[in-house]
Amino acid sequence: MTSLTRAPQTSPVTPPTGRAVHGHRRARLTPYGLIGPAVIAFAAVLGYPMVRLIWLSLQAFGPRSLFTGEAPFVGFDNFARVLGDSDFWFTLLRTLIVSVACVAGLMVIGFLLASLLLQVSSWARAMLSVCLVLVWAMPMVSATMIWRWLFEPQYGVLNWVITQLQVFGDFSAHDWFSSPSQALFLIIALIVWKGLPFVALTLYAAMGQIPGDLYEAAGLDGAGRWSVARHVTMPILGPVLAVLVLLEVIWSVNSFTPIWVLTQGGPDGGTTTLGVYSYLEAFTRNDYSGGAAIAIITVVLLAVLSLLYVRRLFAQDEAIG
């Protein structure tokens, strides 16, 4: 008997129809269509001012240019002059110190407050949340004026309280703003106090999403509070903490209102940061191009820092994955 071998049947490949191709293309372009309006609005609101700022930093624009409209092109001379000024480097170092201190204070105190919100009763949680929201909703100028009144030399509440305690001596006429270190400490405390609600409530919302089974398992294994926070809470909060740190660094570097209202960069420039330094250079010394150059340098530094930080986060995610 002869056996007949039949070749396997293969179904012909059906070419995609025009409707399928169109649907695939539309699905691929949908994300771009969704973010398109936001990108256009972002470019319209910030793109033109940024271009004008860059062009201004490349000109010699002074008081005379306001009347004549003439501002010769000088290239990168303004940047070379700013980078060659020792005041700029001292201001950059001071800005770095303020930013590190603010971010560290915000993360530590914010984490502690978020943990407290999870452990207290419902009515205490509601009251504490309301207080945080009220602090967050208060305008920065109003908050800064209240802060200045609290530390006012003659009639400040804090000086009166410290004097009544009779622990640190007589503070009835102590001027907190006459010392650069004390004034800088007050500015850092104000920035931390004003930004604390955002950090605390964000961390509270993120910590509330952590499954309780993880904590129960850690407790059964005999882990203490510090071990649970280190090996359970912190790894899960990693992405949220990363975003918060980046945002707070940007906001701390760009803080202008609390410094200007409290000290205007004084005494003797001891509280001047990059934002105040740019303003003073442009509108006090009437060097508009120099102020623009300082602003551009600040933007570039923050952009580079953000890029490196985000790339490091992606690298960590890929290593974990």
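All residue numbers here refer to positions counted from 1 along the written sequence of the relevant chain. Where local features are concerned, this predicted model is filtered to residues with pLDDT of at least 70; where side-chain atom pairs are given and counted, the filter is 80 or more; whole-chain, interface and lining totals use all residues. No hydrogens and no water enter the side-chain calculation; it runs on all heavy atoms of the structure.

Moving on, we get to the pattern of salt bridges. A pairing counts as a salt bridge when a side-chain nitrogen of Lys or Arg comes within 4 Å of a carboxyl oxygen of Asp or Glu. The final tally for this structure, using the stated rule, is two salt bridges. Between R81 and D287 there is a salt bridge whose closest N-O contact spans 2.8 Å. Residue R81 is found in helix α3 (residues 77–83), and its partner D287 is found in the loop between α12 (274–284) and α13 (288–320); the two are separated by 206 residues along the sequence. Owing to a relative accessible area of 39%, R81 belongs among the partly exposed residues under this scheme. Partly exposed describes any residue whose relative accessible area lies between the buried limit of under 20% and the exposed limit of over 50%, with all areas from a 1.4 Å probe on protein chains only and scaled to the type maximum. Relative accessible area serves as the criterion here: at 16%, D287 is assigned to the buried category. E281 is the salt-bridge partner of R285, the closest N and O atoms lying 3.0 Å from each other. Under the scheme used here, helices are H or I runs from DSSP no shorter than 4 residues and strands are E runs no shorter than 2 residues, and both carry numbers assigned from the N terminus.

Attention now goes to the packing of aromatic side chains. Any two of the Phe, Tyr and Trp rings considered here, Trp counted by its six-membered ring, make a pair once their centres fall within 6.5 Å; the pair's planes then place it as stacked at under 30 degrees, edge-to-face at over 60, or tilted in between. In the structure shown here, the tally under the stated rule is 15 aromatic pairs. Taken together, a centroid distance of 5.6 Å and an interplanar angle of 25° make the contact between W55 and F73 stacked. Placement of the pair is W55 in helix α1 (residues 18–57) and F73 in the loop between α2 (63–68) and α3, with a sequence separation of 18 residues. By relative accessible area, which is 40% here, W55 ends up partly exposed. Where Y279 meets F283, the ring centres are 5.1 Å apart and the plane angle is 40°; that geometry is what we call tilted. Pair noted here: Y279 and F283 are both in helix α12, with a separation of four residues, about one helical turn. By relative accessible area, Y279 is classed as partly exposed at 31%. With a relative accessible area of 54%, F283 lands in the exposed category.

Coordinates in, geometry out; function isn't part of it.
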